[in-house]
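# Geometric and topological summary
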Amino acid sequence: MSIKKKGLLLVISGPSGAGKGTICKELLKVGASTKLSISATTRNPRAGEKEGINYYYKTREEFENMIAEGEFLEYAQIYDNYYGTPKKAIFHELEKGNDVILEIEMQGAMQIKKAYPEAVFIFILPPSLMELKNRIVGRGTETIEQIEKRFGSAYSEIKLIGDYDYFIFNNVVEKSADEIKHIIYAEKNKVGRYKKDVLEMFEKEIKKC
């Protein structure tokens, strides 16, 4: 016997340099049942970016209409552009039983927690603050000022860990991804999620006995 289980929405956050993106890529290797959430934005596509793969590109009017219609789990305006997480595509995958990964900053994660508390919130931590700084410097993509700003905000971000369900120290990417797979397995067997479904299944069976 079995019951139909919905997919899980995995909300993954952590300070810049913790390795969130790399872990998410590793999780996508699990198989076709794991999907990556795609955000919508009003910014123009950059070279090599594609619609529906990197982002859903919207005009400002389209985006604001989506806000008015309540089509986002969360959204924010960053400088002159909007960024948001559309509900429809995510809920479609969850109903099919697929797990959806959403890599997002803390402010957006808390919006999702209010809108969809069934999500699983995972915080990615660096092995140490010094290792975090080394990773940011090692990327070679930011100025000294940007590096110091990111590093300076890291501890403030880490202090928000209490709003999450789980934490993982990202020492080795493969190990971190494996720990998240165990979290997924545990969450899909949590009584609180499926108590009603399990009892209904046995109630139907006992009538046949």
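It should be emphasised that the depicted structure is a prediction, and the values quoted were computed from it without experimental measurement.

The rules behind the values
Residues numbered from 1 in each chain as written. Predicted model: local features only at pLDDT ≥ 70, side-chain atom pairs only at ≥ 80, totals over all residues. Heavy atoms only, no water. Phe/Tyr/Trp six-rings, centres within 6.5 Å; stacked < 30°, edge-to-face > 60°. Buried < 20%, exposed > 50% of the residue type's maximum accessible area, 1.4 Å probe, protein only. Helix = DSSP H or I, 4+ residues; strand = E, 2+ residues; numbered from the N terminus. Pairing = 2+ DSSP bridges. 1 Å grid on protein atoms, 1.4 Å probe; cavity = no way out; pocket = protein on both sides within 12 Å on 5 of 7 lines; lining within 4 Å. Points joined across faces, edges and corners; volume = space filled by probe spheres on them. Nonpolar A, V, L, I, M, F, W, Y, C, P; charged D, E, K, R; others polar. Axes fitted to C-alpha atoms, helices over the stretch in contact; angles between N-to-C directions. Contact = heavy atoms within 4.5 Å. UniProt positions renumbered as here; feature names shortened; annotations may be inferred.

### Quick look at the packing of aromatic side chains
Inspection of the entire model under this criterion finds ten aromatic pairs. Taking 4.4 Å as the distance between ring centres and 20 degrees as the angle between the ring planes, the aromatic pair formed by F63 and F72 counts as stacked. The residues F63 and F72 share a single accessibility class, namely buried. Here Y75 and Y82 contribute two aromatic rings whose centre-to-centre distance is 6.4 Å and whose plane-to-plane angle is 65 degrees, an arrangement assigned as edge-to-face.

### Some points on the pairing of strand β7 (residues 99-103)
Here β7 lies mainly inside the structure; four of its five residues are buried. With four bridges joining them, strand β1 (residues 9-13) and β7 adopt parallel strand pairing. Counterpart to L9 in the pairing with β7 is V100. Two elements, strand β2 (residues 34-36) and β7, share three bridges in a ladder whose sense is parallel.

### Thoughts on the layout of surface pockets
Put simply, the largest pocket is a space of about 2000 Å³. Lining the largest pocket are 46 residues, with Y55, I78, E103, E105 and R150 sitting closest to its centre. Mapped onto the lining of the largest pocket, the elements with two or more residues apiece are α1 (20-27), β5 (72-78), β6 (81-86), β7, α4 (106-115), α5 (129-139) and α6 (144-158). A class-by-class count of the residues in the lining of the largest pocket yields 17 nonpolar, 15 polar and 14 charged.

### Looking at the sheet that holds strand β9 (residues 166-169)
Spatially, β2-β7-β1-β8-β9 is the arrangement adopted by the five strands of the open sheet, whose pairing is parallel. Looking at which strands have only one partner, the edges of the open sheet turn out to be β2 and β9. Averaged over all neighbouring strand pairs, the angle between strand axes comes to 25 degrees, with direction disregarded. Where α1 meets the sheet, its contacts fall on β1, β2, β7 and β8 (120-125), and the angle it forms with β7 comes to roughly 165 degrees.

### Topic: the environment of L8
Position of L8 relative to the elements: it lies in the segment before β1. The exposure class of L8 is buried, given its relative accessible area of 2%. Taking the C-alpha atoms as reference points, L8 and M110, separated by 102 residues in sequence, lie 17 Å from one another.

### Remarks on the UniProt feature "binding site: ATP" (unreviewed entry) in the protein chain
Residues given the UniProt feature "binding site: ATP" (unreviewed entry) here are G14, P15, S16, G17, A18, G19, K20 and G21. Here, the largest pocket is lined by G14, P15, S16, G17, A18, G19, K20 and G21 out of the annotated residues. As for its placement among the helices and strands, A18 is situated in the loop between β1 and α1. The contact partners of A18, leaving out residues within four places of it in the chain, are I124, L125, P126, L132, R135 and N170. Within the secondary structure layout, G19 lies in the loop between β1 and α1. Every residue in contact with G19, bar those within four places of it in the chain, is listed here: R135 and N170.

### Things to note about the environment of Q107
Residue position: Q107 is located in helix α4. The exposed category is assigned to Q107, whose relative accessible area is 56%. Considering only alpha carbons, one finds Q107 and I78, 29 residues apart in sequence, at a separation of 12 Å.

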